[in-house]
Amino acid sequence: MMKSQQVSPAHLWDRLAEAKSRLAPVQSKYRVLFEDPTQPDAPAAVLVPDPNWMAAALEGNILPPIDTYLRDRDVPDGQPKEHPYAEPIGAMTEEEAIEYLIQKDIPPQVWRDYQGNRSVLKIVPVELIPSDRSFRNAWKINQTEMEMAA
Amino acid sequence: MSTLSVSNITDGTDTVETGYVVNGSAKAWVNFFGGAPVSIRESLNTSSITDVANGIYRANFSSGMTSANYAALLGSGSMVYDQGTLQDVSTSAYVGIKVQDGYVSTFIDASIVTAGIFGDLA
């Protein structure tokens, strides 16, 4: 009887470099506004998805499961991490990719642990990001639905 | 994907160990517009940019580094003549970037912000 051999996937960096040479970048139409509850005096931050990363997310079979990144947060520096060699996941929609990115690149105290009444995270179309940055360091997320995003 | 496994690379005259090529190449890089709105022009191994405040950004890696002990080569360009680009608090998952006006020591948006990361991948 033949035994099938388990082949581990290529390193994530190699998969990303290969994908960059093959896929056209995709500019997301979304941005993620967030406020860190542990820094109440800090202005709202804006997460901007990378076009090459978004192309890889939409293509599928390149990025690892989000759980691997979350577990790797607890791995001390210098120790082996799980996400580079994890089996890649399938294609995502743009909305799913944004949710993935929130968990990966925004601190958990914003999207998981916060239990207050303020809206500290909003996914908005890029058009709603103010074009005037004169008062950038005072940006806060507006708390009423009908107001502008920031 | 095919893998070529060799110890040295040569052009017929000069020979270099592949270890120099692997260890010496940038593991992540990004070039982005730091104004309104922040947008990424080109990159490798970057999942997103966090626009933290005026002149303060964070470049998040797709494939993380083994530790925060990497070399970050940072640069910026804008209409301000005397400006500096500084490394902010960084981890194995992101590099913090600050662009500072050299005259009045405030952080300023820059039309071109670049980062190149050299070190070991996780």
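None of the values given here were measured: they were computed from a predicted structure.

J.: Before we go on, may I ask you to explain the interface of chain A and chain B in this structure?
T.: For an interface, size is often stated in terms of accessible area lost upon the parts coming together. The interface is formed by 34 residues belonging to chain A together with 31 residues belonging to chain B. Looking at the side of chain A that touches chain B, the elements with two or more residues in it are α1 (12-22), β2 (45-49), α2 (51-59) and α4 (94-105) of chain A. The element that contributes the greatest number of residues to the side of chain A that touches chain B is α1 of chain A, accounting for seven residues. Of the residues belonging to the side of chain A that touches chain B, the class tally is 17 nonpolar, five polar and twelve charged. Across four bridges, the pairing between β2 of chain A and strand β5 (residues 46-53) of chain B is antiparallel. Residue pairing for β5 of chain B: V46 of chain A is matched across the bridge by D51 of chain B.

J.: So what exactly am I meant to see when it comes to unusual backbone geometry here?
T.: Outside of glycine, negative phi angles account for most residues, and trans bonds account for most peptide bonds. The omega angle of the peptide bond from A36 of chain B to P37 of chain B is -15°, so this bond is cis rather than trans. Structurally, P37 of chain B can be placed in the loop between β3 (28-33) and β4 (39-44). Backbone geometry at N61 of chain A places phi at a positive 60°, although glycine is not the residue there. Within the secondary structure, N61 of chain A sits in the loop between α2 and α3 (66-72). Since 13 C-beta atoms lie within 10 Å of it, N61 of chain A is described here as partly exposed. We note that N45 of chain B has phi near 60°; this positive angle belongs to a residue other than glycine. With respect to the element layout, N45 of chain B can be found in the loop between β4 and β5. Among the residues examined, N45 of chain B registers 26 C-beta atoms within 10 Å and is labelled buried.

J.: Please explain the sheet that holds strand β10 (residues 112-118) of chain B as it appears in this structure.
T.: One key point about sheets: their strands pair by backbone hydrogen bonds, in either a parallel or an antiparallel sense. All names here are of chain B. Reading across from one edge, β4-β3-β10-β7 is the order of the four strands in this open sheet, with antiparallel pairing throughout. A strand with exactly one partner marks an edge of an open sheet, and here the two such strands are β4 and β7 (71-77). Neighbour-to-neighbour, the strand axes of this sheet turn through a mean angle of 10°, independent of strand direction. Two strands pair when backbone bridges link them, and β3 and β10 are joined in this way by five bridges, in the antiparallel orientation. Its bridge partner being in β10, F32 is matched across the sheet by V113.

The rules behind these values
Residues numbered from 1 in each chain as written. Chains lettered and ligands numbered in written order. Predicted model: local features only at pLDDT ≥ 70, side-chain atom pairs only at ≥ 80, totals over all residues. Contact = placed C-beta atoms within 7 Å. Helix = DSSP H or I, 4+ residues; strand = E, 2+ residues; numbered from the N terminus. Nonpolar A, V, L, I, M, F, W, Y, C, P; charged D, E, K, R; others polar. Pairing = 2+ DSSP bridges. Buried ≥ 20, exposed ≤ 12 C-beta atoms within 10 Å, placed from the backbone. Axes fitted to C-alpha atoms, helices over the stretch in contact; angles between N-to-C directions.

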